[in-house]
Protein chains: 2
Amino acid sequence: MNTPETHPPVDLRGTTATVTARVEAAMRHDLTTALAGCDPLLGEIVHYALFNGGKRIRPLLTVLCSRCCGRDDAELYQLAAAFEYLHVATLVHDDVIDRAEQRRGTPTVVARHGLTAAILAGDWLHAHSMHLIGKLAGGRGLEIFCQATASMVNGEFAQLRLIGDITGTEQQYFEVIRQKTGNLIRSTCSIGALFAGADEARRTALATYGDRIGAAFQVVDDLLDFLGSAHRTGKTIGNDFIEGKLTLPLLHALERADDQDRHTLNQLLTGDRTRTEAYRQLVDLIGRYAGFDSAAQTARQLVAEAIQALAPFHASGQEGENVALLKQLAEYILARTK
Amino acid sequence: MNTPETHPPVDLRGTTATVTARVEAAMRHDLTTALAGCDPLLGEIVHYALFNGGKRIRPLLTVLCSRCCGRDDAELYQLAAAFEYLHVATLVHDDVIDRAEQRRGTPTVVARHGLTAAILAGDWLHAHSMHLIGKLAGGRGLEIFCQATASMVNGEFAQLRLIGDITGTEQQYFEVIRQKTGNLIRSTCSIGALFAGADEARRTALATYGDRIGAAFQVVDDLLDFLGSAHRTGKTIGNDFIEGKLTLPLLHALERADDQDRHTLNQLLTGDRTRTEAYRQLVDLIGRYAGFDSAAQTARQLVAEAIQALAPFHASGQEGENVALLKQLAEYILARTK
């Protein structure tokens, strides 16, 4: 049934499982060397932090983007592992900052091993990820990667600044999420393309794809924080509200609200944010101004732009198969429920 | 009076001041670009952490080692700055770990801006230093640098393991200090040489020099913690004792003590280490077994080895001047009083 112009329906779930298994094997192999002669406790913590059922989205993106551009070899999975190392390094430090007790249902590194070990293990993962990127993706790859990590830190600062500030704009919101998570996802894609020796046009196409899915992912996260709190997780108040974060549904409502409702929203955001009643009122007001629907519409638009960015790639053969997987991955973001 | 074969007596203090000024100018210039578009608070913290009167020993080593090998241009001072960035990144994280309130008589970043800002600013400096090293010293330079940073973290873990453990050996002690501080000083020297395009023999010579002065520096630090506590700082108990660290004077005493004194030392180390009387007894016992003198002898030996390592370099001309400065710097470690 197959002709060279088409390919069988791609299987995102199956591909994800295969790629994840290869990336995890590359990680274990790499860690055996990298941790040789290191203190056993450091090794234990690094393994504990890395192998806790993470979805490995970033390595999957690196692998698919490199494959789209024609390279698929053993080194690719080492490169992909480096992105997971960095991601986990930031999670370990985030948990220190948030004093988080649990992640994915198990104790966080900071809860299990204390502040010192968590900061140091995060630093080790950070250094090791850069080492691998420099080795495998060269100076240009390292430059993109370091800009993304610096941007991530900057995004955290910018977000702290926007806490509870209802004069924040949609533009500032997108700037923060691009800095915080978007640029790293973008770099994951563009370094994958660079690694495969892709030309400028393809590197830019995949960088744009990464930028749009990174933003879409965050918008969906905002929505899930509202919806998840009510329907799924049993929590009665969304975390983002408690933390005073400006999320897209809220920003959309703030933009459209009349003076009185805007005043009410302001009071809710600057008042006691742990009251269930305050949260219920906030959700009502956002709903009244179609904040949830329009945020969902924004996410759909971003995913459409991500898919549009893939136009320079062939729709057939091996390349086409990986492009089709990237499209499915983008669409999956919209269907995400947790 | 000058002939090409000799050079005037070198002026370490004057050179240090000139190099420090150039490195600090390079830092300010680089930060203007690197922090452009970043959150103002991040910029403020980075400047606060970097410009607080640090001695700039690491940048000085990079500059002198590169000059010994014939390269001295504007990029060298940027490269040197990267080592200071990393050093300060680790100080900022160390102060989080130690919950330190003061550094050089001013509030630490964590005391002034809180845990979140301190962890993030440290991460930013870490990422930025690697970016610069990768850019200026290439893949091989980055590899050496990343190994040194990974080793630093590993040394911290190894040190935690040795706390209060009187079965620790001198070999373990040197392994820990090499990991914690020595390897980074070693990398500062060898990357300086690499940057200047030095051959293998010279790179190895300068790496050995860095290794020995790094170790000597730490041994002198141990001694100053004992002597400083009594004579200078007005503190009555050394920090290392309070923290249960195995220092070289103590290790020398443990090695030579008879069974009864060894038992006493063990009791002092595992008992309440905040008692002035316990500390006084410890100092007496170390003195009885000449622990301070033999640690000082070890430091002198390490400095002699550092100077010996410089043999492959010419003693005359521009090269000789910088070699002479490296020798003075090594000797200065022995004369250090704070």
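About the criteria used
Residues numbered from 1 in each chain as written. Chains lettered and ligands numbered in written order. Predicted model: local features only at pLDDT ≥ 70, side-chain atom pairs only at ≥ 80, totals over all residues. Heavy atoms only, no water. UniProt positions renumbered as here; feature names shortened; annotations may be inferred. Helix = DSSP H or I, 4+ residues; strand = E, 2+ residues; numbered from the N terminus. Contact = heavy atoms within 4.5 Å. Core = buried A, V, L, I, M, F, W, Y, C linked by side-chain atoms within 4.5 Å. Buried < 20%, exposed > 50% of the residue type's maximum accessible area, 1.4 Å probe, protein only. Least-squares fit on C-alpha atoms with pLDDT ≥ 70 in both. Expected span 1.5 Å × (residues − 1). pLDDT = per-residue confidence, 0-100. Arc of directions from axis to C-beta. Polar contact = N/O pair within 3.5 Å; in protein donor to acceptor, adjacent residues only side chain to side chain.

Under the annotation held in an unreviewed UniProt entry, chain A carries the name Polyprenyl synthetase and is attributed to Desulfobulbus propionicus. The record in UniProt for chain A states the following under Cofactor (unreviewed entry): "Mg(2+)". Under the heading Sequence similarities (unreviewed entry), UniProt records this for chain A: "Belongs to the FPP/GGPP synthase family."

Now for the side chain of Thr149 of chain A. Within the element layout of this structure, Thr149 of chain A appears in helix H5 (residues 109-162). Contacts of Thr149 of chain A, omitting those with residues within four sequence positions, involve Leu86 and Met130 of chain A together with Ala127 of chain B.

With that settled, the discussion passes to the nonpolar core. Counting residues in each nonpolar core, the largest one holds 238 residues, and the members touching the most others are Tyr209 of chain A together with Tyr209 of chain B. With residues near it in sequence (within four places) discarded, Tyr209 of chain A still touches Leu61, Cys189, Ala306, Ala309, Leu310, Leu326, Leu329 and Ala330 of chain A.

All right, on to the relation of the copies chain A and chain B then. Once turned by 180 degrees and shifted 0.0 Å along the axis, chain A lies on chain B with an RMSD of 0.0 Å. Both copies of the chain, as the preceding transformation shows, are related through a two-fold rotation axis. Here 100% of the contact residues of chain A are again contact residues in chain B; the copies associate through an equivalent surface.

Here we take up helix H12 (residues 291-309) of chain A. Here H12 of chain A contains 19 residues, and its C-alpha end-to-end distance of 27 Å stays within 8% of the 27 Å for a straight helix at 1.5 Å per residue. The complete set of buried residues in H12 of chain A reads Gly291, Phe292, Ser294, Ala295, Thr298, Ala299, Leu302, Val303, Ala306 and Ala309 of chain A.

The next subject is the confidence of the model for chain A. For residues with low pLDDT, the predicted coordinates do not support detailed interpretation. Residue and element names in this part refer to chain A. Averaged over every residue, the pLDDT of chain A is 90; residues scoring 70 or more account for 95%. Across chain A, the secondary-structure element scoring lowest on mean pLDDT is helix H8 (residues 239-243), at 86, and the one scoring highest is helix H3 (residues 57-68), at 97. pLDDT under 50 marks residues 1-5. Its contacts with residues more than four places away, or in other chains, come to six contacts.

This part covers helix H2 (residues 40-50) of chain B. Residues of H2 of chain B that are buried: Leu42, Gly43, Ile45, Val46, Ala49 and Leu50 of chain B. Taken end-on, H2 of chain B shows its buried residues confined to a sector of 165 degrees, consistent with a single buried face. Structurally, H2 of chain B contributes buried residues whose contacts are with H5 of chain A together with helix H1 (12-34), helix H4 (74-97) and helix H5 (109-162) of chain B. Its side-chain oxygen 3.0 Å from the backbone nitrogen of Leu41 of chain B, Asp39 of chain B forms the N-cap of H2 of chain B.

Another point: the environment of Ile97 of chain B. Tracing the backbone through its elements, the reader meets Ile97 of chain B in helix H4. Judged by relative accessible area, Ile97 of chain B falls into the buried class, the value being 12%. Separated by 18 residues in sequence, Ile97 of chain B and Leu115 of chain B place their C-alpha atoms 9.7 Å apart. With residues near it in sequence (within four places) discarded, Ile97 of chain B still touches Leu115, Thr116, Ile119 and Leu120 of chain A.

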